[in-house]
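Descriptive analysis of the structure
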Amino acid sequence: MASEPRQPSSPGGPRVLVAGASGFTGALAAYLLWRHPDFELSMLTARSQLGSRLRDIYPRYRVPLALQELDLDAAADAADAAIVAYPHAAAAPTVAALRERGLRVVDLSADYRLNSLADYEHWYGEHPCPELMKEAVYGLTELHREQIAGAALVANPGCYPTASLLALAPLARAGLLADVVIDAKQGVSGAGRVFDESTHLSMAGENIVPYKVAAHRHTPEIEEQLALLGAPAMRVQFQAHLVALDQGEQVSCYVTPTRAVAGEELRELYRQAYAQEPFVEVVDGPPGVREVRETNFCRLFAAFDEHTGKVLAFSSIDNLWKGTSSQALQNLNLMFGLPETRGLL
C-alpha cells in the first residue's frame, strides 16, 4: 500500500480537503486522494493531533501533509470539495457550512443517509441540520450512479448497508424478497480508533462478539433502500458481530423468497445485475474477506437451499475501503465527471 511522498500529479485539478483525517477512514481517504491522478489533496483537518503529519500517525500511507484545525473560510479558498469523516451529529454542521461556501461534499457519517427525518431522529436523535436532507444523494454508486453524477452532497453509505444492499438488490428488483435476516461480521477497525472493552485486543482476539443487539442503526438504512428498489415494506432482522480481524466484512443474508427460484435462475439474475459493474464480482462460491482486502471490490455469491426454501446471499468487502473511503472516492470521481474507477484500479 505504501507510496513515496510526492506532490499531487495534477496541480490545477479539483482540490479536495479531508475533514477528520486523524481517524481510520479519513486517513485512508487522504491516502487515496494523495495518489489520485486527477485530484489535488489540498488540506487535512482534524480535531486532535493538530500539527502532526499524517505520515507520522499512519506511516504506511506516506502522506506528508500536517493536520490543521478546520477554518471554514480558509477551506473555501483551498478546496473545491471535501470528504467529511466525522461521527453522526458532529458531521452535519460542518457539512452544512462547507455547502454554504460552495464546496461539494461526500459525508461519511449517517447524517444524510436517510430520507426520513422521523427515522433519523428515532435511531440517532435530533438532527442538527435537517434542511440538507432533501439535497443529499445516497452514495451507493451501483444503485444511484446517475443521481450521484449531478450531486453536490453525497451521503456515503454505511459499510454494512453497502455489503447487504449489493447482496440483496437483485432479489429486491425481481420481487423475490418476502423476509430477510442479515448475519454480518466485521473486523475491529469498524469500531474506529476509540476502543472499548469489546474491541480491546484481549477481548477481540480469538473471539466473536455480537454487538448492538436488536438495535443496530444501519437497519433503517437497509430497509429504506430495499423499499426504493421495489421490495415490499418489511422489517429486516440485522445483527452485527466483531471478529478477530483488523479489517474486512462479510454479510450472510438468509432470504425467504416470494417463490422458489432455481439455482441457475438465481445465478443468471446476479450475473445480469452486475455484468457492467466495475467493482462487483459475482463468483461461483462463497467469497472471503481476504479476496477484497484493500480494494474497492465487492464479491457476491448466491444459492438456493432446496431443503429450507431459502435463498442464501453472501457478500464480502473491505469495510474501510468499499465500505467507506474508496467508495467515497468512487462517488467523488462521478461528482467531477471522471470515470468512477479513476485512482481505484
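Right above here is the structure, for reference.
A few points on the structure. (Residues numbered from 1 in each chain as written. Predicted model: local features only at pLDDT ≥ 70, side-chain atom pairs only at ≥ 80, totals over all residues. Heavy atoms only, no water.)

Examining the pairing of strand E5 (residues 104-107)
Selection criterion: Strands are labelled as partners when DSSP assigns at least two bridges between them. Helix numbers and strand numbers start at the N terminus; a helix is a DSSP run of H or I with at least 4 residues, a strand a run of E with at least 2. With strands facing away from the observer, any crossover in which the path from the first strand over the helix to the second runs clockwise is taken as right-handed.
Across four bridges, strand E4 (residues 81-84) lies against E5 in parallel orientation. If you follow Val 84 over to E5, its bridge partner there is Asp 107. Of the crossover connections in this fold, the one passing from E4 over helix H4 (residues 91-100) to the parallel E5 is right-handed. Looking at chain direction, E5 and strand E7 (residues 153-155) are connected through three bridges and run parallel. Each bridged residue has a counterpart across the sheet, and for Asp 107 the counterpart in E7 is Ala 155.

A word on the side chain of Thr 324
Rule in force here: What makes two residues a contact is simply this: any of their non-hydrogen atoms within 4.5 Å.
Mapped onto the fold, Thr 324 is located in helix H11 (residues 321-335). In this structure, Thr 324 is in contact with Thr 25, Leu 108, Asn 156 and Asn 319, ignoring residues within four places of it in sequence.

Points about the layout of surface pockets
Inclusion rule: Within this scheme a cavity is a closed region of a 1 Å grid, computed over the protein atoms alone, that accommodates a 1.4 Å probe without allowing it to escape, whereas a pocket is open but has protein on both sides within 12 Å along at least five of seven lines; lining residues each have an atom within 4 Å of a point. Grid points are joined across faces, edges and corners, and a volume is the space filled by probe spheres set on the points. Each residue is assigned to one class: nonpolar for Ala, Val, Leu, Ile, Met, Phe, Trp, Tyr, Cys and Pro, charged for Asp, Glu, Lys and Arg, and polar for all the others, Gly among them.
The volume enclosed by the second largest pocket comes to roughly 310 Å³. Within the residue set of the lining of the second largest pocket, elements represented by two or more residues are helix H5 (117-124), helix H9 (219-228) and strand E10 (237-243). Across the lining of the second largest pocket, the residue classes break down as seven nonpolar, four polar and four charged.

Regarding the side chain of Asp 38
Test applied: Think of a polar contact as two N or O atoms within 3.5 Å of one another; within protein, one of them needs to be a possible hydrogen donor and the other a possible acceptor, and neighboring residues in sequence only count if both atoms come from side chains.
Here Asp 38 lies in the loop between helix H1 (24-34) and strand E2 (40-45). At a separation of 2.4 Å, a polar atom in the side chain of Asp 38 contacts the side chain of Arg 342.

Some thoughts on the sheet that holds strand E11 (residues 249-257)
Where we set the bar: Fitting a line to C-alpha atoms yields each axis, with helices limited to the stretch in contact; the angle taken between N-to-C directions then spans 0 to 180 degrees.
Taken in spatial order, the seven strands of this open sheet run E9-E10-E8-E11-E14-E13-E12, and their pairing is mixed. Each edge of the open sheet is held by one strand with a lone partner, namely strand E9 (208-211) and strand E12 (280-282). Averaged over all pairs of adjacent strands, the angle between their axes in this sheet comes to 20°, without regard to strand direction. In the sheet, E12 pairs with strand E13 (residues 298-305) via three bridges, with the strands oriented parallel.

All we've got here are geometric facts, nothing functional implied.
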